[in-house]
Amino acid sequence: MTRQLLTIMCAAQDAEAIARALGALTQAPVHQRREAVLGRDFDDAATGERVSGTLARMAVEVELGAAQVADAVAAARDVRRRLPFRWRTVALVDGGRVE
């Protein structure tokens, strides 16, 4: 099974609920990271989402199987949240632990 890293970029106030939903679905460790976006975020953002300075947001990440991605995005979509989120996946080629 191909492993994927799913990253959801969301409003800081929505991150905890999304992280809980992903953890419950996947039973995998979920990581949260604060991010600062300098300048405009994305061209398709609604007027209220556009920033010209610095945007504070959260990245919520979980490693999962490729077949789980659609369910994970649906779980994040279905939680109670204030703002839209963006997501992307990256195929994991290698990884491990070094002691």
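Going by the structure above, here's the rest.
Structure report, in brief. (Residues numbered from 1 in each chain as written. Predicted model: local features only at pLDDT ≥ 70, side-chain atom pairs only at ≥ 80, totals over all residues. Heavy atoms only, no water.)

**Description of the overall build of the chain**
For clarity, the cut-off: In DSSP terms, a helix is any run of H or I states spanning at least four residues, a strand is any run of E spanning at least two, and both are numbered starting from the N terminus. Throughout, a contact is declared for two residues whenever any of their heavy atoms are within 4.5 Å. Note on areas: Shrake-Rupley with a 1.4 Å probe; residue coverage comes only from the protein chains shown.
Looking only at helices and strands, one finds 2 helices and 4 strands in the chain. Reading the chain from its N terminus to its C terminus gives the helix and strand order β-α-β-β-α-β. For the chain, contacts bridging at least 24 residues in sequence account for 74% of all contacts bridging at least 6. With the model as given, the accessible surface of the chain reaches about 6600 Å², and the carbon-plus-sulfur share is 50%.

**Notes on helix α1 (residues 15-26)**
Rules: One fewer than the residue count of a helix, multiplied by 1.5 Å, yields its expected span. Classification of residues uses two cut-offs on accessible area relative to the type maximum, computed with a 1.4 Å probe and protein chains only: under 20% is buried, over 50% is exposed, and between them is partly exposed.
Between its first and last C-alpha, α1 extends 16 Å over 12 residues, near the 16 Å set by a 1.5 Å rise per residue. Of all the residues in α1, the buried ones are Ala15, Ala17, Ile18, Ala19, Ala21, Leu22 and Thr26. Positive phi shows up at Gln27, right after α1, with a value of about 60 degrees.

**A word on the pattern of salt bridges**
Just so we agree on the cut-off: We define a salt bridge as a contact between a side-chain nitrogen of Lys or Arg and a carboxyl oxygen of Asp or Glu at a distance within 4 Å.
In this structure the tally under the stated criterion is 7 salt bridges. Here Glu16 and Arg20 are joined by a salt bridge, their closest N and O atoms 3.9 Å apart. Of this pair, Glu16 and Arg20 both sit in helix α1, separated by 4 residues, roughly a single helical turn. The partner of Asp78 in a salt bridge is Arg77, with the nearest N and O atoms 2.9 Å apart.

**Describing the pairing of strand β1 (residues 3-11)**
So the rule is basically this: A pair of strands is treated as paired once DSSP finds two or more bridges between them.
Among the 9 residues of β1, 7 are classified as buried, and the element is accordingly described as predominantly covered. Bridge count for β1 against strand β4 (residues 86-91) is 6 bridges, and the pairing is antiparallel. Opposite Leu6, over in β4, you have Thr89 as the bridge partner.

**Considering the side chain of Asp14**
Heads up, the condition is: Under this rule, positive means Lys or Arg and negative means Asp or Glu; His and the chain ends count for nothing.
Counting through the fold element by element, Asp14 comes out in the loop between β1 and α1. In this structure Asp14 is buried but unpaired, with Arg81 as the nearest side chain of opposite charge at 5.7 Å. Not counting chain neighbours up to four residues away, the residues in contact with Asp14 comprise Arg81, Arg82 and Leu83.

Take it as geometry only, folks, not as evidence of what the structure does.
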